[in-house]
Amino acid sequence: AVPEAAIMTLWLHTNGLRPATAEKLLVTLGKRSLLRLEGTVPDQRVRLHDLQHDYLRLALKNAYAVPRELVEAYRQKCGGQWHTGPNDGYYFEHLAYHLHQAGQTAELHTLRQRLDPFALAQIIDRKLEQIHALADRRLSPKSPGPSVTF
């Protein structure tokens, strides 16, 4: 499952939708069982059935198109300063994969070389914030909280 925030990042970039329109589209697709919405906002995740996922991959004429658009959407969001990207539960966990899938391996290698200790510390701090939020929610009797992936 993919965090809703990542889907919104892609849709807002590729389709020029306003956030409210994109959110409405997501809910409509969920109601029509074209995707599954799991969890609650703001930690909602989107899941496609494996057959839908396979069909979409086969229907694409250019296999690099979606990863390339997603990389560009995130590049705009962080101004090309990859270490300042959003802590949306997807970006940091999948950036390297999507750079590779988009055929931008040279940029991936440059990113690895330029990632200074300060930037790495910021990434670790974001993960620690997520972990603390998860711990706080688990201690709270009201909500189950988000999941943390490594």
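Every chain's residues receive numbers from 1 upward, in the order its sequence appears when written. Thresholds applied to this predicted model are a pLDDT of at least 70 for local features of residues and 80 or more for the giving and counting of side-chain atom pairs; totals over whole chains, interfaces and linings are not thresholded and use all residues. In computing side-chain values, all of the structure's heavy atoms are included and hydrogens and water are not.

Visitor: Lay out the overall build of the protein chain in plain terms, naming residues and giving numbers.
Guide: Secondary structure elements are taken from DSSP: a helix is a run of H or I of four residues or more, a strand is a run of E of two residues or more, and numbering for both begins at the N terminus. The secondary structure content of the protein chain amounts to seven helices and three strands. Ordered by position in the sequence, the α and β elements of the protein chain form the string β-α-α-β-β-α-α-α-α-α. For the protein chain, the proportion of its 150 residues judged to be buried stands at 27%. The contact rule is simple, with two residues in contact once any of their heavy atoms fall within 4.5 Å. Sequence separation of 24 or more characterises 47% of the internal contacts of the protein chain that already satisfy a separation of 6 or more. Only protein chains enter the accessibility calculation, which uses a 1.4 Å probe; a residue whose area is less than 20% of its type maximum is buried, one above 50% is exposed, and one in between is partly exposed.

Visitor: Please provide a residue-by-residue account of the packing of helix α1 (residues 4–15) against helix α2 (residues 19–31), values included.
Guide: When two helices pack together, their arrangement is given by the angle between the helix axes and the distance between those axes. For every element, the axis is a line fit to its C-alpha atoms; helices are fit only across the contacting stretch, and the angle between N-to-C directions ranges from 0 to 180 degrees. Axis separation between α1 and α2 bottoms out at 10 Å; the angle between their running directions is 120 degrees. The angle between α1 and α2 falls in the class oblique. The hand of the α1/α2 crossing is right-handed. Note on element contacts: α2 touches α1 through P19, A22, E23, L25, L26 and L29, opposite E4, I7, M8, W11 and L12. In what follows, roughly perpendicular refers to angles from 65 to 115 degrees, roughly parallel to angles under 35, roughly antiparallel to angles over 145, and oblique to any angle outside these ranges. Should the near helix be turned counterclockwise from the far one by less than a right angle, the crossing is left-handed, whereas a clockwise turn marks it as right-handed.

Visitor: Go over the pattern of salt bridges, please, and point to the residues and values.
Guide: Just to be clear on terms, a salt bridge is a Lys or Arg side-chain nitrogen sitting within 4 Å of an Asp or Glu carboxyl oxygen. Applying the stated criterion across every chain yields a total of four salt bridges. Between R47 and E38 there is a salt bridge, with the nearest N and O atoms lying 2.8 Å from each other. Here R47 falls in the partly exposed class, since its relative accessible area comes to 34%. For E38, a relative accessible area of 25% corresponds to the partly exposed category. Across the salt bridge formed by E107 and R75, the nearest N and O atoms sit 2.7 Å from each other. With a gap of 32 residues between them, E107 in helix α6 (residues 105–114) and R75 in helix α4 (residues 65–78) connect regions that are remote in the sequence. For E107, a relative accessible area of 25% corresponds to the partly exposed category. Salt bridges sharing common partners tie together R36, E38 and R47.

Visitor: I'd love a proper account of helix α5 (residues 91–101), names of residues and values included.
Guide: Residues of α5 that are buried: Y91, L95, H98 and L99. Projected down its long axis, α5 shows its buried positions confined to an angular sector of 100 degrees, all on one face. Where α5 terminates, the next one or two residues include G103, which has phi positive at roughly 75 degrees. Throughout, the arc means the angular range of directions from the helix axis out to the C-beta atoms.

Visitor: Kindly report on a nonpolar patch on the surface, identifying the contributing residues and their values.
Guide: Within the patch definition used here, like charges are joined within 9 Å and nonpolar side chains (Val, Leu, Ile, Met, Phe, Trp, Tyr) within 5 Å, considering only residues with over 30% relative accessible area and no salt bridge. Surface accessibility follows the Shrake-Rupley procedure with a 1.4 Å probe radius. Residue values consider only the protein chains on display as shielding. On the surface, L48, Y55 and L56 cluster together into a nonpolar patch covering about 300 Å² of accessible area. With respect to the element layout, L56 can be found in helix α3 (residues 50–59). Residue L56 is classed as partly exposed on the basis of its relative accessible area of 44%.

Visitor: Summarise the side chain of E4; cite the residues concerned and give the values.
Guide: Residue placement: E4 occurs in helix α1. Despite its burial, E4 pairs with no opposite charge; the closest candidate is R45, at 10 Å N-O. Only 2.6 Å separates the side chain of E4 from the side chain of Q44, close enough to count as a polar contact. The contact partners of E4, leaving out residues within four places of it in the chain, are E23, L26, V41, Q44, R45 and V46. Only four residue types enter the charge count, namely Lys and Arg as positive and Asp and Glu as negative; His and the chain termini do not. Any pair of N or O atoms that falls within 3.5 Å is considered a polar contact. Within protein, one atom must be able to donate a hydrogen and the other to accept it, and sequence-neighbouring residues count only if both atoms are side-chain atoms.

Visitor: Go over the packing of aromatic side chains with me, naming the residues and quoting the values.
Guide: A ring pair, where both rings are aromatic, is described by two values, the distance of the centres and the angle of the planes. Two aromatic rings from Phe, Tyr or Trp, using only the six-membered ring of Trp, form a pair when their centres are within 6.5 Å; if the ring planes differ by under 30 degrees the pair is stacked, by over 60 it is edge-to-face, and anything between is tilted. On inspection of all chains with the given rule, the structure shows three aromatic pairs. Note on Y74 and Y91: the rings are 4.9 Å apart at their centroids and 50 degrees apart in plane angle, and the pair reads as tilted. Of the two residues, Y74 is situated in helix α4 and Y91 in helix α5; the sequence distance between them amounts to 17 residues. Both residues of the pair, Y74 and Y91, count as buried. On the basis of an interplanar angle of 25 degrees and a centroid distance of 6.4 Å, the ring pair of W82 and Y91 is categorised as stacked. Both residues of the pair, W82 and Y91, belong to the buried class.

It is worth stressing that arrangement in space is one thing and function is another; only the former is reported here.
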